[in-house]
Amino acid sequence: MKPSYSSCQLSRESRLNAFAQTFKYRSPLWIESDSSLSNSGSRGSRGGSDEGSPGGAGSDSLHSSDSSINNFLDSKIPEHHGSSGSGLSDDHADPVLSDDDHAKTALRSPRRKSTAPRRSRSEFSMDDDEYSPATSLTSVNSLASLLKEKLQSIPQKMRKKPTDYKLRAFVGLMFLAVVFFVGFAYVLYHQQALTRAYFDSVQFNEPKRLIRIFNKDDVEILKANLAVGLAPKKKAYPCLPEHRKADGSECLEWLHDLRFYLKCLPHDPGVDNTTCYSVHWKALRPDISPTDCFDWGDTKVHWYGAGQSSNLTWPLNFGSIDFTSFITGDMQKSQWSNVLTRYLINSKGAAIIVDDQTPLQISVNKKGKDICIRAKYDDFAYANRLTEFPEMRYNICTSRDMKSLHSSIHSHRQAPLWDGLKPADMQTLDFLITEPIWQIAPRFKHELQDETISRYTEDVIDLGFLKQGHVLINEFWQNEIGDLTVDTSRFATLNVTVDKLHRRGFKVAFTVQPFISTESRNFAETVQKRLLISERNSDRRIPALTRFKTLASAAVLDITNNRSVPWFLDKLQAVIDEYHIDSFFLDLGTAYDMPHYYHCEKQIINPDQYKTIFTKTFEKTLNVIGVSSAVSLPRPPIFVSLPPFESSWEALRLVIPTILTYGVNGFPFIMPGAVGGDIYWPGSEQFLPSARERGSVEMNSNNTVQENGIELPERELYMRWLQMATFLPVMKFTHLPSKYNDERVLEMAKNLTLLRQKWVIPLLLKFKREALEEGLPLVRPLWLVADGEAALLVRDEFVVGDELVVAPVVNKGQTTREVYLPAGLWQDGIDGSLRKGNRWMHEYKVPTDRVAYFLRKPDDMRF
């Protein structure tokens with residue numbers, strides 16, 4: 001009987017048979033393809049008998065098939081897998097075994113023959129009509145044994161291992177790291193490959209148009225984006241031979257847009273450590289404006305110089321201003337100040353010096369943390385086009401540090417300022433430092449008379465502690481601006497008054513301007529002689545008109561006309577001869593005071609060049625003590641004046657940054673405004689009760705003196721302003737301290753006068769020699785005498801030379817302040833104690849009638 005098997009057993013065996021069928025295709029080591037087995041099976045099937053009985057025929061067929069399989073396996077299994085007891089021989093029939101013995105018997109088992117015809121197929125086929133338990137077990141056992149042997153022969157490393165997620169994660173991270181570093185190396189390589197080095201210290205990335213300059217220690221001291229506004233993908237090419245310069249400049253061109261030249265300027269390393277590079281941009285189209293922006297954020301530098309404006313401060317990069325023509329103007333109108341220099345210096349030792357012929361515009365912090373310079377023509381400031389398209393030329397200079405660079409650029413050793421000075425010039429210079437200037441500047445001309453001047457000087461003498469100095473009279477000594485003659489209706493005895501002033505020890509100075517009022521007696525004469533600036537693109541005989549101060553209509557003397565200079569000198573010489581005037585103050589206005597469509601006989605670059613020509617024309621022929629505006633250094637003893645400041649605390653806070661900026665710009669001799677502010681005072685103010693005429697004076701809520709509606713500067717503001725002015729190169733008064741009728745004010749003024757005579761004046765005269773030789777200012781910023789970030793940012797302290805630190809109070813009601821002392825030993829000016837430098841002093845007490853100052857002492861004095 002046929003053995004019986006449970007369904008669970010049959011299912012297990014069926015799965016094993018299926019696995020064996022699958023393994024046949026996956027094991028290339030010992031089993032051939034279906035085609036080989038199928039052919040072998042077909043041959044075996046045709047060789048068997050075709051009996052109809054189910055038992056005999058089926059058994060023979062199965063036996064024949066089994067024999068074919070065994071023969072096939074014997075031929076394919078390697079020799080080392082075979083044995084005599086394997087049971088793979090067809091020479092004898094197998095006995096019938098029990099169920100237990102079936103499990104121990106390998107490969108051989110009698111199989112029933114089937115009467116069904118054989119199909120041409122693989123011998124391993126397990127169709128239902130061919131299935132028997134004996135056949136199933138034999139096949140499974142044979143395949144399992146062979147599978148086990150073959151698996152054991154496979155190397156250990158070929159076996160499938162369990163999944164290790166930590167390993168996979170580590171490998172993934174390593175892969176990402178490799179990708180990152182490869183990408184970073186690629187970008188870095190291309191950045192370096194596209195960055196070209198010039199002159200050892202200059203790197204220029206052409207695609208980004210980024211220039212970087214390094215010092216001797218490989219520290220980046222300047223970073224600039226060049227050709228800002230040009231298409232970012234625009235490519236540069238080497239210049240054609242005909243466009244190159246013969247001086248060895250490197251040349252690049254952005255086709256049809258810009259041409260760029262870069263050159264290292266020769267210098268003598270034995271003289272100083274300063275190296276300069278010349279940059280020259282040429283626009284190739286009228287709509288192109290060369291623009292370069294110098295970063296201060298990434299490079300962590302601070303910038304100084306150029307000029308001041310209402311939105312700018314100290315350092316320059318802390319303020320903001322849009323692109324504005326770099327010409328003198330009114331600070332309160334968001335224009336540049338009255339004194340400018342095309343010079344910028346940063347705290348790491350790099351400076352920018354722009355050529356005078358460049359139609360320069362400057363912006364600060366408008367689109368980022370940078371200072372931008374641009375060359376652009378317009379119809380006023382740069383209407384006279386020197387080239388077809390805008391060109392921008394400037395030098396970049398570097399040195400080992402900021403102080404040495406500044407000293408090198410402004411040094412006058414090759415042409416010292418004292419060269420050519422007469423003894424009278426040196427005496428005037430000393431006189432302006434040691435004695436005050438008494439500015440008489442009434443608001444209306446009818447308020448200025450002989451009696452006004454005489455009474456004012458009497459009050460000065462009555463003070464008893466202030467020296468006489470210069471009496472500076474504004475333009476109202478004339479009937480109309482431009483008359484250049486004394487108004488005898490108000491000054492019938494001016495020669496007598498001037499003689500009296502001379503006997504009292506005063507010197508007299510008149511203010512003169514190049515403006516001619518249309519109401520002046522000289523207007524018709526100057527028009528007839530064609531001595532005035534004319535209108536552009538019009539008849540040369542028609543003068544160009546403008547406004548100036550109180551004048552609604554005025555013309556301007558054309559100083560480039562050779563006929564105008566002798567005419568002007570003759571007029572002033574007549575005044576000198578008749579009234580014995582000692583000197584003049586040149587009130588030249590600002591660039592915006594020029595006629596809009598100005599046209600001079602000789603072309604000028606911009607309106608500011610006019611004042612430079614005017615000053616240089618008369619500085620040697622007239623005794624000039626000061627100028628109201630400048631863009632170049634005048635010849636000593638001429639002082640450059642600060643802009644007018646109103647009487648307010650905000651204005652007081654602007655005085656120190658402005659005077660420091662002008663000093664950095666190369667103007668060592670600065671004349672500040674009047675103590676308390678440059679407000680016009682009426683002539684009747686001179687008749688307020690003086691020190692010898694005590695009377696009742698009204699006091700308003702602002703702590704200011706009033707008499708008949710006349711208001712003086714606020715008392716505390718006046719006191720703090722006077723404290724600061726004590727240490728400045730020149731002291732200028734409009735309002736006398738006696739007008740307050742306050743003993744505290746008078747006592748403080750006396751003490752400050754003694755302080756100036758004892759300490760300040762000797763130091764100013766000492767450092768005057770350095771100013772004439774090296775161009776260093778008398779009043780200096782802290783960073784010129786100290787190192788460190790703190791010295792770069794302090795904007796309400798200054799140093800006289802390098803020996804006297806001054807820290808005035810500039811805020812209303814304040815009696816304490818923070819004070820920074822540079823390195824060294826300092827003596828406190830208030831209590832006389834010794835103070836260690838290179839530190840901040842917090843909550844330093846400064847009473848209302850005292851000023852904080854510190855004198856440098858030798859280091860061994862502390863013992």
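What you see is a predicted model, and the numbers here were worked out from it, not measured in a lab. (Residues numbered from 1 in each chain as written. Predicted model: local features only at pLDDT ≥ 70, side-chain atom pairs only at ≥ 80, totals over all residues. Heavy atoms only, no water.)

Caption draft 1: Structural context of the nonpolar core. Counting residues in hydrophobic clusters, the biggest one holds 208 residues, and the most contacted among them are W281, Y394, F510, F727 and F798. When residues in this core are grouped by element, the largest group, 12 residues, is from helix α16 (residues 743-774). (Core = buried A, V, L, I, M, F, W, Y, C linked by side-chain atoms within 4.5 Å. Buried < 20%, exposed > 50% of the residue type's maximum accessible area, 1.4 Å probe, protein only. Helix = DSSP H or I, 4+ residues; strand = E, 2+ residues; numbered from the N terminus.)

Caption draft 2: Representation of the layout of surface pockets within the structure. Counted as a void, the second largest pocket has a volume near 640 Å³. Lining the second largest pocket are 24 residues, and of these T341, R342, D356, V631 and S632 sit closest to its centre. Mapped onto the lining of the second largest pocket, the elements with two or more residues apiece are β13 (350-354) and α13 (607-618). The leading source of residues in the lining of the second largest pocket is α13, at 3 residues. (1 Å grid on protein atoms, 1.4 Å probe; cavity = no way out; pocket = protein on both sides within 12 Å on 5 of 7 lines; lining within 4 Å. Points joined across faces, edges and corners; volume = space filled by probe spheres on them.)

Caption draft 3: The pairing of strand β3 (residues 210-214), seen in detail. Where burial is concerned, most of β3 is hidden: 4 out of the 5 residues are buried. Hairpin geometry of strand β2 (residues 202-205) and β3 is characterised by an intervening segment of 4 residues between the two adjacent antiparallel strands and by a positive phi of about 55° at R209. In this sheet, strand β4 (residues 220-225) lies alongside β3 in antiparallel orientation, the contact comprising 5 bridges. When the bridges of β4 are listed, I213 appears paired with L222. Where β3 folds back on β4, the antiparallel hairpin that results is connected by 5 residues, among which D218 adopts a positive phi of roughly 60°. (Pairing = 2+ DSSP bridges.)

Caption draft 4: The packing of aromatic side chains, seen in detail. All chains considered together, the criterion is met by 24 aromatic pairs. On the basis of an interplanar angle of 80° and a centroid distance of 5.9 Å, the ring pair of F294 and Y394 is categorised as edge-to-face. Of the two residues, F294 is situated in strand β9 (residues 291-295) and Y394 in strand β16 (residues 391-398); the sequence distance between them amounts to 100 residues. A single burial state applies to F294 and to Y394, both of which are buried. Grouped by ring-pair contacts, the aromatic residues F204, W254, F260 and W281 constitute a single cluster. Between the NZ or CZ atom of K245 and the centre of the ring of Y261, over which it lies, the distance is 4.5 Å. Sitting over the ring of Y598, R536 keeps its end group 5.4 Å from the ring centre. (Phe/Tyr/Trp six-rings, centres within 6.5 Å; stacked < 30°, edge-to-face > 60°. Lys NZ or Arg CZ within 6 Å of the ring centre and 35° of its normal.)

Caption draft 5: Just helix α15 (residues 715-725), in detail. Within α15, 11 of the 11 residues are buried, which leaves the element mostly enclosed by the surrounding structure. Along α15, the residues that are buried comprise R715, E716, L717, Y718, M719, R720, W721, L722, Q723, M724 and A725.

Caption draft 6: Quick peek at the sheet that holds β13. A sheet is described by the order of its strands in space; here 8 strands give the open sequence β5-β6-β7-β8-β16-β13-β12-β10, paired in antiparallel fashion. Looking at the sheet topology across the chains shown, the edges are occupied by β5 (236-238) and β10 (303-305). On average, each strand axis in the sheet is inclined to that of its neighbour by 25°, with strand direction left out of account. Here strand β8 (residues 275-283) pairs with β16 via 8 bridges, running antiparallel. The partner of V279 across the bridge, within β16, is Y394. Packing of helix α7 (residues 402-409) onto the sheet brings it into contact with β10, β12 (343-346), β13 and β16, and relative to β12 it is tilted by some 160°. (Axes fitted to C-alpha atoms, helices over the stretch in contact; angles between N-to-C directions. Contact = heavy atoms within 4.5 Å.)

Caption draft 7: Quick look at the confidence of the model for the protein chain. Here the protein chain shows a mean pLDDT of 82. Residues at 70 or above account for 75%. Between residues 18-70, whose pLDDT stays under 50, and residues either more than four places distant or in other chains, the model counts 90 contacts. (pLDDT = per-residue confidence, 0-100.)

Caption draft 8: Focus on the sheet that holds strand β26 (residues 624-627). Strand order in the open sheet made by the 8 strands is β28-β27-β26-β24-β19-β18-β17-β32, with parallel pairing throughout. Lying at the two open borders of the sheet, with one neighbouring strand each, are β28 (670-671) and β32 (732-733). Bridge count for strand β17 (residues 437-440) against β32 is 2 bridges, and the pairing is parallel. When the sheet's bridge partners are listed, W438 is paired in β32 with F733.

Caption draft 9: A look at the packing of helix α8 (residues 423-434) against α16. Where α8 meets α16, the closest approach of the two axes is 10 Å, and the angle between their N-to-C directions is 145°. Taken as a pair, α8 and α16 cross one another with a handedness that is right-handed. Between α8, through M426, L429, D430, I433 and T434, and α16, the contact on the second element is made entirely by R756, I761, L764, L765, K768 and L772. Here the contact of α8 with α16 is built from residues that sort into 7 nonpolar, 1 polar and 3 charged. (Left-handed = near helix turned anticlockwise from the far one by under 90°. Nonpolar A, V, L, I, M, F, W, Y, C, P; charged D, E, K, R; others polar.)

Caption draft 10: Broad picture of empty space enclosed by the protein. The full count for this structure, using the stated rule, is 12 cavities of 30 Å³ or more. What the largest cavity holds in volume is close to 120 Å³. Surrounding the largest cavity, T434, E435, P436, F465, L466, K467, M731, T753, R756, Q757 and I761 form its lining. Residues belonging to the lining of the largest cavity are distributed by class as follows: 5 nonpolar, 3 polar and 3 charged.

Caption draft 11: Layout of the packing of α15 against α16. Remark: α15 packs on α16, axes separated minimally by 10 Å, with the N-to-C direction vectors making an angle of 10°. Considered as vectors, α15 and α16 are oriented roughly parallel to each other. Residues R715, Y718, M719, L722, Q723 and A725 of α15 pack against R744, V745, M748, A749, L752 and R756 of α16. (Parallel < 35°, antiparallel > 145°, perpendicular 65-115°, else oblique.)

Caption draft 12: Geometry of the pairing of strand β15 (residues 370-375). Summarising burial for β15: 6 of the 6 residues are buried, a large majority. Here β9 pairs with β15 via 5 bridges, running antiparallel. Bridge assignment links F294 to a residue of β15, and that residue is I371. Direction of pairing for strand β14 (residues 360-364) relative to β15: antiparallel, over a ladder of 5 bridges. Residue pairing in the sheet places I362 in a bridge with I373 of β15.

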